Amino acid sequence: MSLETEAVIDRRRMRRRISFWRSAAVLFVGLLLGTMMFGSEDFSTLGGPNQIARVAIEGTITDNRDQLRMLERIRDANHVRALIVHVNSPGGTTTGGESLYQALREVAAKKPVVAQFGTVAASAGYIVGLGTDRIVARGNTITGSVGVLAQWPEVSEMLDKLGIKFNEVKSGRLKAEPNPFAPATEDGRRVMQETIDDGFRWFLSLVEERRGIAARSVSGLAEGRIFSGRQALEAKLIDEIGGEAEAVRWLQTERGISTDLKVVNWRPRADSSWGALSGSQSGTAGAVVAALLGSMFNLPRLPAVLERVGLDGLVSVWQPSEN
């Protein structure tokens, strides 16, 4: 074989290698982009074998658009035959609970939905459970806490001691009431109480409608008390003591879901890295301010207080008091 022929063969081999690595690079980039787009959500969301979807509602509940879009996809996914909602939350904003309730009822119009309560499913967390067809809770789950509240700090005395005055110009006497920089006025308290009462009536009527009970007949329910899972079962606030196995068994025996279906996690799509970065910076700044104020005024629970105060709107949340 001549040198010229060998050179031609070598060039062909080199071109094949280059083509291979170029294709591999394109494939890698495609996989990377796909992971970035769908990494926070299982690929089952794109279609596949029939399954039971599982979603987790954990931590502070807010009006989360990503969660709502995920529930819309579950509602419209033909390969998802049922939905299990794992709730482990002390609550959050009343609006957040309301939006999840409505989204779950839309899912339930097309496929069975069952809630499985974890350690705590109170206030807005309980509202989420009301949006399902059945509620399963552990015997020691903390649930209930039916009610609405609004909290705000009042720092007027502290500002007086520091020689700081707060000035404002507003269009009406009830604008921006209550005001944390001044003692609450009677009119401001009255308006806030009326708003709270309206939200509470909605919450209580939801319990009566969904659970088929007279709320006033359950001792402490209208006063916002909490219940253990066993107490909640006796009061008909839940349907069964157990965990996910009991939830799946109900889907199989009462709703005809196949015993062969796997339970698959669904998660909301993650925010962009820029959004995560900005959120991290904001949270860090808030934590630093809270730590400084806490050390200055001996308030060890200030970060938790600030987190609750930072929830916009009416709040349906439970948290044990600390003495």
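Residues numbered from 1 in each chain as written. Predicted model: local features only at pLDDT ≥ 70, side-chain atom pairs only at ≥ 80, totals over all residues. Heavy atoms only, no water.

Trainee: Which residues make up the confidence of the model for the chain, and what values do they have?
Mentor: The predicted model of the chain has a mean per-residue pLDDT of 81, with 72% of residues at 70 or higher. In this model, residues 36–45 is a region of pLDDT below 50 whose contacts with residues beyond four sequence positions or in other chains number 23 contacts. Note on residues 272–307: pLDDT under 50 across the span, and eleven contacts to partners over four residues away in sequence or across chains. (pLDDT = per-residue confidence, 0-100. Contact = heavy atoms within 4.5 Å.)

Trainee: Before we move on, could you go through the side chain of Gln51 and cite the residues and values that matter?
Mentor: On the secondary structure map, Gln51 appears in strand β1 (residues 51–61). A distance of 2.8 Å separates the side chain of Gln51 from the side chain of Trp266, its partner in a polar contact. (Helix = DSSP H or I, 4+ residues; strand = E, 2+ residues; numbered from the N terminus. Polar contact = N/O pair within 3.5 Å; in protein donor to acceptor, adjacent residues only side chain to side chain.)

Trainee: Go over helix α8 (residues 244–254), please, and point to the residues and values.
Mentor: In an α-helix there are 3.6 residues to a turn, and that puts residues three or four apart on one side. The complete set of buried residues in α8 reads Ala247, Val248, Trp250 and Leu251. Considered in projection along α8, the buried side chains sweep an arc of 155° and stay on one side of the axis. Packing partners of the buried residues in α8 comprise β1, β2 (80–93), β3 (113–122), β4 (134–137) and β8 (262–265). In the stretch just after α8, Gly256 is the one whose phi turns positive, near 70°. (Buried < 20%, exposed > 50% of the residue type's maximum accessible area, 1.4 Å probe, protein only. Arc of directions from axis to C-beta.)

Trainee: Report on the pattern of salt bridges, specifying residues and quantitative values.
Mentor: Under the defined criterion, the tally for this structure stands at 16 salt bridges. For Asp133, the salt bridge goes to Arg105, with nearest N and O atoms at 3.3 Å. Taken together, the residues Asp133 in the loop between α4 (124–130) and β4 and Arg105 in helix α3 (residues 94–108) connect sequence positions 28 residues apart. Owing to a relative accessible area of 24%, Arg105 belongs among the partly exposed residues under this scheme. Two residues, Arg173 and Asp187, come together in a salt bridge whose shortest N-O distance is 2.4 Å. Here the residue Arg173 occupies a position in the loop between α5 (156–162) and α6 (186–211), and Asp187 occupies one in helix α6, the gap between them amounting to 14 residues. Classification of Arg173 by relative accessible area gives exposed; the value is 58%. Residue Asp187 is classed as partly exposed on the basis of its relative accessible area of 31%. A single network of salt bridges, built from pairs that share partners, joins Arg75, Asp76, Glu106 and Lys110. (Salt bridge = Lys/Arg side-chain N within 4 Å of Asp/Glu carboxyl O.)

Trainee: I'd like a rundown of the packing of helix α2 (residues 65–76) against α3, residues and numbers included.
Mentor: At a closest axis distance of 9 Å, the pairing of α2 and α3 adopts a crossing angle of 10°. Relative to α3, α2 is oriented roughly parallel. Residues Gln67, Leu68, Leu71, Ile74 and Arg75 of α2 touch α3, and the partners they reach there are Ser99, Leu100, Ala103, Leu104, Glu106 and Val107. Tallied by class, the residues present in the contact of α2 with α3 amount to seven nonpolar, two polar and two charged. (Axes fitted to C-alpha atoms, helices over the stretch in contact; angles between N-to-C directions. Parallel < 35°, antiparallel > 145°, perpendicular 65-115°, else oblique. Nonpolar A, V, L, I, M, F, W, Y, C, P; charged D, E, K, R; others polar.)

Trainee: So, unusual backbone geometry: which residues are in play, and what are the values?
Mentor: You will see that Ser123, though not glycine, has its phi angle at about 55°, which is positive. Within the secondary structure layout, Ser123 lies in the loop between β3 and α4. Of the residues examined, Ser123 reaches a relative accessible area of 1% and is grouped as buried. Despite not being glycine, Ser145 has its phi angle at roughly 55°, a positive value. Structurally, the position occupied by Ser145 is in the loop between β5 (142–144) and α5. Using a relative accessible area of 8% as the deciding quantity, one classes Ser145 as buried.

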